[in-house]
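What follows is the residue order along each chain.
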Amino acid sequence: MPSGTFIHHGLTQAALLLWLVGCGHAESSCRDRRCLAQMLISKEYVSQPQYENCSQVIRVPYLEYQTITVDTKNLRLISKITAYIEWRDPGLMWNMSDYNYKEVTLPVDKVWTPELHVANGIMTTMTHASHDLTVRFDGMVYHIVIINAEVNCDVNMFNYPFATDTCPVAIQTSERAGECGTELELLYVWPTGKTRGDWKTESVVLGSQGYGDTHYIMVSLKIQYTNPFITLLLPSILIVLADVVSFSLPLQGGERNSFKVTLVLSFTMFLNILNEKLPGDGECSPIIRIHFCICLVLMVLSMLVSLVLTRVAKDGGIRLCCFSKKVEPKTARSMEDNVDEEIKPDISVIQLDGPEEEKQILRKVVKFLENFQAKDMENESYQRFADTLDKTFFWIYFFVAVSYFCAMTTVMVMYTCSVNHFFWHNDDANF
């Protein structure tokens, strides 16, 4: 009985040994890429590599930057960054004598990958360009990620629509914690899709701030002024020009006043429609808002002057409701004149009794004609005075309008307003 038990136990050990040898032989006979990938996946290295040096260097040899749009109302830059990244993970190395392959593809969710984000971004999302990444025999890992970011960039809009400025897009990895963490190394950036809407990406340059722990892409932006000039500046210039030309209309009749009131109302409606499209406020508020305000003030002033001159041409002066013309007391002579005026319609039917009455009637007719002529001359003098004032104001208005537009255009093109684009960084170092 004991000898039979011993024999059964020996047979069991021999069978187990043969099975292990067969499994080892089967495992060692698997030498294709898929077996290599499966072997690396089975290690389940999903944490950051931590060996002799706990700090991991993330190398980015190439960046593709693209400006999606610039929100001029909220002063935000929306961009897309494609990053080609590489890092070293010694846990993913293999011996080429066992697996004679230099590279292998692994699922991106089976190994550790670094996280990149935009430090000054309001919203940042990082997505993998592919579900797989490439691993080299010496542990180097190659991958591509896409970063979509919305950056709160206080773009200098003072010169709008001739605005040009720079905006940094800061790229970082996870923060360092003691000796461990990640270090980012950016090498080269290339712009793609330079023109987007009204804005054009002039250039992109890599830079760093502080002690080099903050890397950023300095994006140079320039607005293409053709569309804003046509939709914003040109209408204001044409409306003011029409207001200047309206001085050719006569003061009498009210055509000029009606035309000027129509222009003011049209310009006000124009401002209400464009209020949502005008750039937002910031450290350097757009001067185009002040431009529209000055244009409106000039047009309203021109309308008021035209109304006043119309009254001057009629009465020779300005009489407001509180300062109406004084009524002269009636004298005997004025009463006699009133009586004469009352009987004027009946002059043609009066029977004349003698030459004396004929003389009186003739004197009244001559006096009436003289008064009418004097009134005519007085009206002409009022009109000449009003025309003189009108011409004087026209040339003053024309000179002020031309000088203003020249000065405003010069300020829009030449003046530079400085903006602190690194307000999001707490480092006080000079850069």
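This one's a predicted model, so the numbers in the text were calculated from it and none came from an experiment. (Residues numbered from 1 in each chain as written. Predicted model: local features only at pLDDT ≥ 70, side-chain atom pairs only at ≥ 80, totals over all residues. Heavy atoms only, no water.)

*Asks:* How should the pattern of salt bridges be read in this particular structure?
*Replies:* A side chain of one charge can pair with a side chain of the opposite charge if their charged atoms are brought near each other. Within this structure, the stated rule accounts for five salt bridges. With a shortest N-O distance of 2.7 Å, Arg256 and Asp390 are connected by a salt bridge. Of this pair, Arg256 sits in helix 4 (residues 255–274) while Asp390 is found in helix 7 (residues 355–414), placing the two residues 134 residues apart along the sequence. (Salt bridge = Lys/Arg side-chain N within 4 Å of Asp/Glu carboxyl O. Helix = DSSP H or I, 4+ residues; strand = E, 2+ residues; numbered from the N terminus.)

*Asks:* Explain the packing of aromatic side chains to me, please; I cannot follow it from the model alone.
*Replies:* Given two aromatic rings, one states the distance between the centres and the angle between the planes to describe the pair. Summed over all chains, the structure comprises 16 aromatic pairs. Arranged with centres 6.2 Å apart and planes meeting at 25°, the rings of Phe394 and Phe398 form a pair that is stacked. Of this pair, Phe394 and Phe398 both sit in helix 7, four residues apart, which is roughly one turn of the helix. Chaining the aromatic ring pairs together yields one cluster made of Phe247, Phe393, Phe394, Trp395, Tyr397 and Phe398. (Phe/Tyr/Trp six-rings, centres within 6.5 Å; stacked < 30°, edge-to-face > 60°.)

*Asks:* Would you take a moment to explain the packing of helix 3 (residues 226–245) against helix 4 for this structure?
*Replies:* Between helix 3 and helix 4, whose axes approach to 10 Å, the crossing angle comes to 170°. In this view, helix 3 runs roughly antiparallel relative to helix 4, as classed from their interaxial angle. Mapping the contact onto sequence places Thr231, Leu232, Pro235, Ser236, Ile239, Ala242 and Asp243 in helix 3 and Phe259, Lys260, Leu263, Phe267, Phe270 and Leu274 in helix 4. Residue classes in the contact of helix 3 with helix 4 are distributed as nine nonpolar, two polar and two charged. (Axes fitted to C-alpha atoms, helices over the stretch in contact; angles between N-to-C directions. Parallel < 35°, antiparallel > 145°, perpendicular 65-115°, else oblique. Contact = heavy atoms within 4.5 Å. Nonpolar A, V, L, I, M, F, W, Y, C, P; charged D, E, K, R; others polar.)

*Asks:* Quick question: what am I supposed to make of the state of the cysteines here?
*Replies:* Here a disulfide denotes a covalent bond joining the sulfur atom of one cysteine to the sulfur atom of another. This model, assessed by the stated rule, comprises one disulfide. Through a disulfide, Cys153 is tied to Cys167; the S-S separation comes to 2.0 Å. Taken together, the residues Cys153 in the loop between strand 7 (140–152) and strand 8 (164–172) and Cys167 in strand 8 connect sequence positions 14 residues apart. Of the two residues, Cys153 and Cys167, neither departs from the other in class, the shared state being buried. Cys295 takes part in no disulfide bond, and the closest cysteine sulfur to it belongs to Cys293, at a distance of 9.3 Å. Judged by its relative accessible area of 0%, Cys295 is buried. (Disulfide = S-S within 2.5 Å. Buried < 20%, exposed > 50% of the residue type's maximum accessible area, 1.4 Å probe, protein only.)

*Asks:* Just checking my understanding: could you explain unusual backbone geometry for this structure?
*Replies:* Trans is the prevailing form of peptide bonds, just as negative phi is the prevailing case for residues other than glycine. The residue after Tyr160, namely Pro161, is reached through a cis peptide bond having omega 10°. Mapped onto the elements, Pro161 comes out in the loop between strand 7 and strand 8. The phi torsion at Glu44 lies on the positive side, around 55°, for a residue other than glycine. A positive phi is found at Leu75, a non-glycine position, where the angle reads about 55°. We classify Leu75 as buried; its relative accessible area is 9%.

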